[in-house]
Amino acid sequence: MPNFYKDNPDMEFSLHSIDWSEIIRLKENNFSEAGIFGDAPASVEEAMLNYADILNLAGEIAGEYIAPRSASVDEEGPVLKDGVVHYAEGTVSAIRELSQADLMGMPLPRKYDGLNAPTFVCNLAIEMVSQADAGLMTIFGLQEIAETINLFANDNQKDRYLPKFSSGEVTGAMVLTEPDAGSDLQAIALRAVEDKESGLFTLNGVKRFISNGCGQVLLVLARSEPNRAGAAGLSLFLCESGPTVRIRRLEKKLGIKSSPTCEMQFLDTTAELVGKRRRGLTHYVMSLMNGARLAVAAQAVGIAQAAYTAALSFANAREQFGKPIREFPAVRDMLVEMKTQIEAARALNMETCRTVDMDKLLEHELEKGILQGDALKETKDRRALYKRFAAMLTPMSKLFATEMCQKVTHDAIQVHGGSGYMKDYPVERYYRDAKITNIYEGTSQLQVVAAIGGITSGTYKTYIQELEQSLPANVDEDLLQLIRKHVELQEETLAYYINQEEEAYRDLYARDMVDLCADLIVSYIYLRISVKNDRKKILASRFIRRAMPQIRMKSARIMSEERSVIDAFDQIVA
Amino acid sequence: MQCIVLIKQVPDTKNITAKAMRDDGTVNRAALPAIFNPDDLCALELALRVRDQYGGSVRVISMGPLRALEILRDALSRGADEAVLLSDKRFAAADTLATSYSLSEAVKKIGNYDLIFCGRQAIDGDTAQVGPQVAEKLNIPQATYAQEIWKENGKVFVRREVEGGYEVLALKTPALITVTGGYVLPRPRSARRTIRFRNVTAKPEIEARWKKENPDMPAEELDKKVEAEASRCKQAGLLIDVWSVDDIGADIKRTGLVGSPTRVWRVENVTLHTGESKKIEPTEDGIHALVEELIHDHVLG
């Protein structure tokens, strides 16, 4: 029986690749729920066993229940009939099974029937579900919607909605994009008008490209302050689906076909405010988006894992010139590169999860208002640091994983040759599914914009120092020196970059800068985990030795002063 | 509806190896991984659906060595309310007659039930006899090869597989049904229950652990420790009752090897060779020749 957790040793490795004990203690509030809830752990060790159980179960459901149906779900897709969206049969079954397994409320507190799972556990679960059916991620993987309600809504709203998410009775949607507000969410126009008496709002307007817009619980970003342009006029609202929320159309898409992408019209829909007015985009949606970005990074790793698995199995079975094609160097090279990059992205995701969990949990500690004196100051400082790390690493993870996924799904078809181009094999589907990952929740280009600030502001440098300190004593000295040499090169390059007075030049080479820094971070992380076993040692060495020339290339490009895009765009494009 | 499900741990005969059979024709259980018998998993699923829809409870019983606690844990993780293990050397090496006798005595001890669910057959012996024999011994009606069960106007209906189709039977309860695998997909385990029941144990298991960890402890002290831990587990809802022959008041002449008249008379080794292969040319003529050959051999039509 296929089990995506057990069948892939890197999942268990990843679960144990980082010391999570501080995160677990904070998440479990020093194990205060042990004995109250049957599934609450009493120690770090027990929590780790619980996570392994949860992931083993997620792997079993992904491999045994969901994956076998994914081809037919891709074929069938959801249907819009008389204004009602009907999921494909396989999607309905998957939601039921994931609910039966208690996996629909993974990050939620136990009092709302959740599993109180930290981000790194959710991330690995999302990866496996996406490996089985990439489109299901927009329903399963966006548990961030429930998490956003948990973080910012009031107790009454949480009590009403969160248990329903956990039980799978409802699914949600983050209703942000509009025809004229895609990447630029500040331009949102959907109106929210307050009824002073009831304190409720009425929503009117149109939203587009809404994943699972047919969900029952909707988080809607809308303009509550008509006289205020930009982000400061936007608030976040909570409403339910119903006759006033019309699904006008389902998009016909290249990939993730099992996921319904809706165009929606709100006609005097009654909605409740979430949190405070005017914080919609600046606070809540930013938090929601960052969670979703990390989820997409996991989705990308899952799709890549599926593509790699298919490519390897094809390479083992397919014979040409009298032997399996896995024997040919060109094929081997592709397979090894896929595996190196997939495990790199997964390791980066785990590291990002660590900073995200630390940020969230330390914030929660501070909110309790118990800490005083030095402890308060220390916690405040650490929280500020992790907040900066998470803000830089989240877009970096998404960028790295989703671009990796493009290459891996591309090469998976290449390993298959002509067969891979046909519908008879699943790799063409993975290739189609992969494409959305570097578009939604912010395109790769926007991830660069989100990540570059941390690099130029010094967060990156502080983070590299933390990575240095986190290295075990017995890492390979040659590799470490090699990385350090390139850290120096990065600093040189960055100094040059910052000194460029022209914004257009900096924007032009921001992508190279972020890629270069991401490669260095992944090199450190690979080196850190390389001491765990010989296989990882080989992979780390391979990754680092192949990344360094890339870093030199990007550095040279940044300092090249090649500026035709700025100076000669019109002449070239004409 | 009070439901009882009879489940069995079986060697995974899908992954069979040469060592799987002993020379005397019995199965070498140690050589194969032990799994939840697939039809029994479907029986459990139907019982859970009945409970979820009409209320009541689901209790599972298995007979086997302590290792069978694994599938009882699994059943609890999927939603069963209670589990009992029949485990006693005097139950061992039972044929279908002795097994059905022992199980029916255990069912009688539980008493209050409306429906008993069994898998149609176990993948080790493939006899499909135990379910029907239990029904006979309890003197209750039975429906075999069931796929679905529901209530209508207070009556229980079962859809059962028959050759070329299905038939629907109305059943008087209490009744026993045997369930055919492949029609319903068993629900997955629940994460919360899996975590909770990971530490579910049984008294003999606690005893074995204490003995292993404290080989020099006097018997009396050991008994006390075991008793104390068992009662702690019981209170926490983490103890599976283990019943012996005496616990269910069974006649030892009718249980285990003593109660089993079945003997293996002769073992014939059938070895299937895969050495022969035939290349079919990917042409119209090649395909026609293949189809004709298959019809001739009665593989088709």
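Residues numbered from 1 in each chain as written. Chains lettered and ligands numbered in written order. Predicted model: local features only at pLDDT ≥ 70, side-chain atom pairs only at ≥ 80, totals over all residues. Heavy atoms only, no water.

**Regarding the overall build of chain A**
Item 1. A tally of regular secondary structure across chain A gives 21 helices and 11 strands.
Item 2. What you see for chain A is a C-alpha radius of gyration of 24 Å, in line with the 25 Å of a compact globule of 574 residues.
Item 3. For chain A, the C-alpha atoms occupy an extent of roughly 70 × 70 × 60 Å along the three principal directions.
Item 4. Taking all 574 residues of chain A together, 58% fall into the buried category.
Item 5. Summarising the internal contacts of chain A: among those between residues at least 6 apart in sequence, 76% fall at separations of at least 24.
Item 6. As presented, chain A carries roughly 23900 Å² of accessible surface, and 51% of it is formed by carbon and sulfur atoms.
Item 7. Across chain A, the mean location of the 66 positive side-chain charges is 2 Å away from that of the 80 negative side-chain charges. (Helix = DSSP H or I, 4+ residues; strand = E, 2+ residues; numbered from the N terminus. Rg over C-alpha atoms; globule rule 2.2 N^0.38 Å. Buried < 20%, exposed > 50% of the residue type's maximum accessible area, 1.4 Å probe, protein only. Contact = heavy atoms within 4.5 Å. Areas by Shrake-Rupley, 256 points an atom, 1.4 Å probe, with all protein chains shown as cover. Lys, Arg positive; Asp, Glu negative; His and termini not counted. Charge placed at Lys NZ, Arg CZ, Asp CG, Glu CD.)

**Topic: the interface of chain A and chain B**
Item 1. Contacts between the two partners involve 21 residues from chain A, matched on the other side by 14 residues from chain B.
Item 2. Summing the contributions of chain A and of chain B, the shared interface buries around 1500 Å²; its carbon and sulfur component is 54%.
Item 3. Where chain A packs against chain B, one counts three salt bridges.
Item 4. When the shortest N-O distance is used, the salt bridge between Asp102(A) and Arg192(B) registers 3.5 Å.
Item 5. Summed over the shared surface of chain A and chain B, the result is 10 residue pairs in polar contact (both at pLDDT 80 or more).
Item 6. When contributions to the side of chain A that touches chain B are tallied by element, the ones reaching two or more residues are helix H3 (44–66) and helix H5 (89–100) of chain A.
Item 7. Sorting elements by how many residues they give to the side of chain A that touches chain B places H3(A) first, with 10 residues.
Item 8. Considered class by class, the residues forming the side of chain A that touches chain B number eight nonpolar, five polar and eight charged. (Buried area = accessible area lost by both parts, 1.4 Å probe. Salt bridge = Lys/Arg side-chain N within 4 Å of Asp/Glu carboxyl O. Polar contact = N/O pair within 3.5 Å; in protein donor to acceptor, adjacent residues only side chain to side chain. Nonpolar A, V, L, I, M, F, W, Y, C, P; charged D, E, K, R; others polar.)

**Section: helix H10 (residues 280–317) of chain A**
Item 1. In a regular helix each residue adds 1.5 Å, so 38 residues correspond to 56 Å; H10(A) covers 53 Å between its end C-alpha atoms and thus fits that length.
Item 2. For H10(A), the principal kink sits at Met286(A) and spans about 35°. (Expected span 1.5 Å × (residues − 1). Bend = angle between axes of the 7 residues up to and from the residue.)

**A look at a nonpolar patch on the surface**
Residues and elements named next belong to chain B.
Item 1. Among the surface-exposed residues, Ile-280, Ile-287, Leu-290, Val-291, Ile-295, Val-299 and Leu-300 lie close enough to one another that they form a single nonpolar patch of about 530 Å² accessible area.
Item 2. With respect to the helices and strands, Val-291 occurs in helix H8 (residues 284–296).
Item 3. Given a relative accessible area of 35%, Val-291 falls into the partly exposed group. (Patch = residues over 30% accessible without salt bridge, like charges linked within 9 Å, V, L, I, M, F, W, Y side chains within 5 Å.)

**Notes on empty space enclosed by the protein**
A probe as big as a water molecule, rolled over the atoms, marks out the empty space that is left.
All names here are of chain A.
Item 1. Here the structure, examined in full by the defined rule, presents four cavities of 30 Å³ or more.
Item 2. In this model, the largest cavity occupies a volume close to 100 Å³.
Item 3. Around the largest cavity sit Met-104, Thr-138, Ile-139, Leu-142, Gln-143, Ile-145, Ala-146, Phe-165, Val-170, Thr-171, Gly-172 and Asn-212, which together line it.
Item 4. Counting only elements with at least two residues in the lining of the largest cavity, the list comes to helix H7 (137–140) and helix H8 (144–152). (1 Å grid on protein atoms, 1.4 Å probe; cavity = no way out; pocket = protein on both sides within 12 Å on 5 of 7 lines; lining within 4 Å. Points joined across faces, edges and corners; volume = space filled by probe spheres on them.)

**Describing the sheet that holds strand E5 (residues 82–86) of chain B**
What links the strands of a sheet is backbone hydrogen bonding, and the strands pair in either a parallel or an antiparallel sense.
Residue and element names in this part refer to chain B.
Item 1. With respect to topology, nine strands assemble into an open sheet ordered E9-E8-E7-E10-E6-E1-E4-E5-E11, the strand pairing being mixed. Here the strands that pair on one side only, and so sit at the sheet edges, are strand E9 (165–171) and strand E11 (241–243). In this sheet, neighbouring strand axes are inclined to one another by 30° on average, regardless of whether the strands run parallel or antiparallel.
Item 2. Examined bridge by bridge, strand E1 (residues 2–7) and strand E4 (residues 57–63) share six bridges and lie parallel to one another. Across the sheet, the residue bridging to Ile-4 is Arg-59, located in E4.
Item 3. Strands in contact with helix H4 (residues 130–138) are E1, strand E6 (115–119), strand E7 (142–152) and strand E10 (175–179); relative to E10, the strand with the most contacts, it is inclined by about 180°. (Pairing = 2+ DSSP bridges. Axes fitted to C-alpha atoms, helices over the stretch in contact; angles between N-to-C directions.)

**What to know about the domain arrangement of chain B**
Quite often, the size of an interface is put as the accessible area lost when its parts meet.
Residue and element names in this part refer to chain B.
Item 1. For chain B, the assigned domains read domain 1 (2–200 + 240–254) and domain 2 (204–237).
Item 2. In this structure, domain 1 and domain 2 have C-alpha centres spaced 29 Å apart.
Item 3. If you look at the interface, domain 1 gives seven residues, while domain 2 gives four residues.
Item 4. Across the interface of domain 1 and domain 2, roughly 440 Å² is buried in total on both sides, 50% from carbon and sulfur atoms.
Item 5. Our count for the domain 1 to domain 2 interface comes out at two salt bridges.
Item 6. Across the salt bridge formed by Glu-205 and Arg-73, the nearest N and O atoms sit 3.3 Å from each other.
Item 7. Between the two partners, domain 1 and domain 2, sit two residue pairs in polar contact (both at pLDDT 80 or more).
Item 8. Per-class residue counts for the side of domain 1 that touches domain 2 are five nonpolar, no polar and two charged. (Domains from an automatic or database assignment.)

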